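Architecture at a glance
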Amino acid sequence: MRFLKQFFIKNQPQAAPQASKTSPALCEQAARGFEDVYHSQQPEQLPWFWRDLDPDFISTLQQLGLTQGSVVDLGGGSGTQAVAMAKLGFTATSTDFSAAALEGGREFARQANVQVNFLLDDVTNSRLTTKFDLVLDRGCYHIIAPARRADYLRTVLRCLAPEGWFLFKCFSSDEPARPGPFRFSESEIRDFFGTSLDIVELRKTEFPGAREIFPKALFALMRHRPAHT
Ligand SMILES: C[S@@+](CC[C@H](N)C(=O)[O-])C[C@H]1O[C@@H](n2cnc3c(N)ncnc32)[C@H](O)[C@@H]1O
C-alpha cells in the first residue's frame, strides 16, 4: 500500500505521447504494488469496486444501441465490468497485470455463471492481438506513469476494431489533490487521445465505488478516426 501512495503523484505534468522511457523495473514495482493490494484486501473493500456495470457504460450502450459483440476491459481488476458485460450477452475479456485481481474476477464470473476470458497482461506492453468491438477502461489509464502513456495508447489503438468504440473513465482534475491516481482536465484528455482517436463525447461525471463520496471523474466515448478517401 505504501508503495502505491508513493507511485501515485498528486500533481502530475501531462506527458506528450512519446516512446517509453520508464524502466521495466518500475512497471514490475507497480504491478507488485497492485498485487499486494489485491492479496491483502477483499475486492469489495477497494475504493474503485463497483459490482454493477458503471452507469456511464450503461447509458452509452443504450445510446449506441449495442447489445452484443466482443469487449475487453483493460486493467479490469476484479473483473466486475467484464462480468456485467458477459451477463448482458457480450463476449468479454478482462486484463490486468495483477494475478490476484484476475483470481478475484474468476470467482465473480463463477458466481454469476458467465464465461469471461481473464488475461494476465500489462497494458503498456500488451500481448493482445485480437480486435474488439468495445474497449473499456475504467481507471487504468489514470494509473499509468506518464512515460508509459504512449505505450498504453498503442495497445488501445491495436485492440480497437475499425468500427469499434472506446469507453473511458479517469479521475478529473476537479477532484482535490491528494495521493491517488493521476487527475486530468478535459483539455488534457483531448490533447492526448485526440491526436489518434475521434472524441465523440467528453463530459464530467463521477467514479462510483466503495467510497461514500464518489470522486469527480471524466467520461469519454472515442473511436478510430475514419480514413480519408
Ligand atoms: C483503479 S483500478 C480499476 C480496476 C477496474 N477497472 C475497476 O473498475 O474495478 C486500476 C487497475 O489497473 C490495473 N493496472 C494498472 N496498471 C496496469 C498495467 N500497466 N497493465 C494492466 N493493468 C494495470 C491495476 O492492477 C488495477 O486493477
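Residues numbered from 1 in each chain as written. Predicted model: local features only at pLDDT ≥ 70, side-chain atom pairs only at ≥ 80, totals over all residues.

**Section: the overall build of the protein**
We apply this condition: A helix here means a DSSP run of H or I that spans at least four residues, while a strand means a run of E at least two residues long, and both kinds are numbered starting from the N terminus. In this scheme every C-beta is placed from the backbone, and a residue whose C-beta has 20 or more other C-beta atoms within 10 Å is buried, one with 12 or fewer is exposed, and one in between is partly exposed. With C-beta atoms placed from the backbone, a contact is any residue pair whose C-beta atoms sit within 7 Å.
Broken down by element type, the protein carries seven helices and seven strands. Starting at the N terminus and walking to the C terminus, you meet the elements of the protein as α-α-α-β-α-β-α-β-β-α-β-α-β-β. Out of the 229 residues in the protein, the part that is buried amounts to 40%. Of the contacts made within the protein by residues no fewer than 6 positions apart, 72% connect residues no fewer than 24 positions apart.

**Quick look at the packing of helix 4 (residues 80-88) against helix 5 (residues 99-112)**
For any two helices packed against each other, the geometry is given by the interaxial angle and the distance between the axes. Quick note on the threshold: Interaxial angle, 0 to 180 degrees, is taken between N-to-C directions of lines fitted to C-alpha atoms, where a helix line uses only the stretch in contact. In these notes the angle categories are as follows: under 35 degrees is roughly parallel, over 145 is roughly antiparallel, 65 to 115 is roughly perpendicular, and the rest is oblique. Left-handed is the label given to a crossing in which the near helix is rotated counterclockwise from the far helix by less than a right angle, and right-handed is the label when the rotation is clockwise. Residues are sorted three ways: Asp, Glu, Lys and Arg are charged, Ala, Val, Leu, Ile, Met, Phe, Trp, Tyr, Cys and Pro are nonpolar, and all the rest, Gly among them, are polar.
With their axes 9 Å apart at the nearest point, helix 4 and helix 5 run at an angle of 25° to one another. Looking at the two axes, helix 4 sits roughly parallel to helix 5. Helix 5 is crossed by helix 4, and the crossing has right-handed handedness. Contacts from T80, A82, V83 and K87 of helix 4 reach helix 5 at G105, F108, A109 and A112. Here the contact of helix 4 with helix 5 is composed, by residue class, of five nonpolar, two polar and one charged.

**Points about helix 6 (residues 149-159)**
Three or more residues of helix 6 are buried, namely R149, D151, Y152, L153, T155, V156 and C159. At its buried positions, helix 6 is contacted by strand 1 (70-73), strand 4 (132-138), strand 5 (160-171) and helix 7 (186-193).

**Quick notes on the site of the ligand**
To keep things clear, this is the line we draw: Residues are classed as near a molecule or strand if the C-beta position derived from their backbone is within 6 Å of it.
The environment of the ligand is formed by 20 residues, the closest being F34, G75, G77, R138 and G139. Grouping the constituent residues of the shell around the ligand by class yields eight nonpolar, nine polar and three charged.

**Details of the confidence of the model for the protein**
Here is the rule we go by: pLDDT measures the predictor's confidence residue by residue and takes values from 0 up to 100.
The share of residues in the protein with pLDDT of 70 or more is 87%, and the mean pLDDT across the chain is 90. Every residue in residues 5-21 is under pLDDT 50, and counting partners more than four places away or in other chains gives 31 contacts.

**A closer look at the pairing of strand 3 (residues 116-120)**
To keep it simple, the criterion reads: For two strands to be treated as a pair, DSSP must find no fewer than two bridges joining them. The path from the first strand over the helix to the second decides the hand: if it runs clockwise while the strands point away from the viewer, the crossover is right-handed.
Direction of pairing for strand 2 (residues 91-96) relative to strand 3: parallel, over a ladder of five bridges. Each bridged residue has a counterpart across the sheet, and for S94 the counterpart in strand 3 is F118. Handedness of the β-α-β unit built from strand 2, helix 5 and strand 3 comes out right-handed.

**Remarks on the nonpolar core**
What counts here: Among buried residues, those of type Ala, Val, Leu, Ile, Met, Phe, Trp, Tyr and Cys that are joined through C-beta atoms within 7 Å form a set called a nonpolar core.
By size, the foremost hydrophobic cluster in this structure holds 54 residues, and its most contacted members are V71, V135, F166, L167 and A220. At seven residues, the largest contribution of residues to this core is made by strand 5. Setting aside anything within four residues of it in sequence, one finds V71 in contact with M85, F90, A92, F132, D133, L134 and L136.

**What to know about the environment of D73**
Note that D73 resides in strand 1. As a C-alpha pair, D73 and R138 span 65 residues in sequence and 7.8 Å in three-dimensional space. Apart from the residues lying within four places of it in its own chain, the contact partners of D73 are Q81, A82, S94 and L136.

**Quick word on the sheet that holds strand 6 (residues 197-206)**
Taken together, seven strands build an open sheet; the order of strands is 3-2-1-4-5-7-6 and the sheet is mixed. Either end of the sheet is taken by a strand with one partner, and the two such strands are strand 3 and strand 6. Adjacent strand axes in the sheet meet at a mean angle of 15°, parallel and antiparallel pairs treated alike. Direction of pairing for strand 6 relative to strand 7 (residues 216-224): antiparallel, over a ladder of nine bridges. Across the sheet, residue D198 finds its bridge partner in strand 7, namely R223. Together, strand 1, strand 2, strand 3 and strand 4 form the strand contacts of helix 4, whose direction differs from that of strand 2 by roughly 175°. The strands touched by helix 6 are strand 1, strand 4 and strand 5; relative to strand 5, the strand with the most contacts, the crossing angle is about 140°.

**Describing unusual backbone geometry**
Positive phi is not limited to glycine here, since N113 has a value of about 60°. One can find N113 in the loop between helix 5 and strand 3. Given 9 C-beta atoms within a 10 Å radius, N113 is considered exposed.

**Description of the environment of T195**
Along the chain, T195 turns up in the loop between helix 7 and strand 6. Residue T195 is classed as exposed on the basis of its 11 C-beta neighbours within 10 Å. Along the sequence, T195 and R225 sit 30 residues apart, while their C-alpha atoms lie 9.5 Å from each other.

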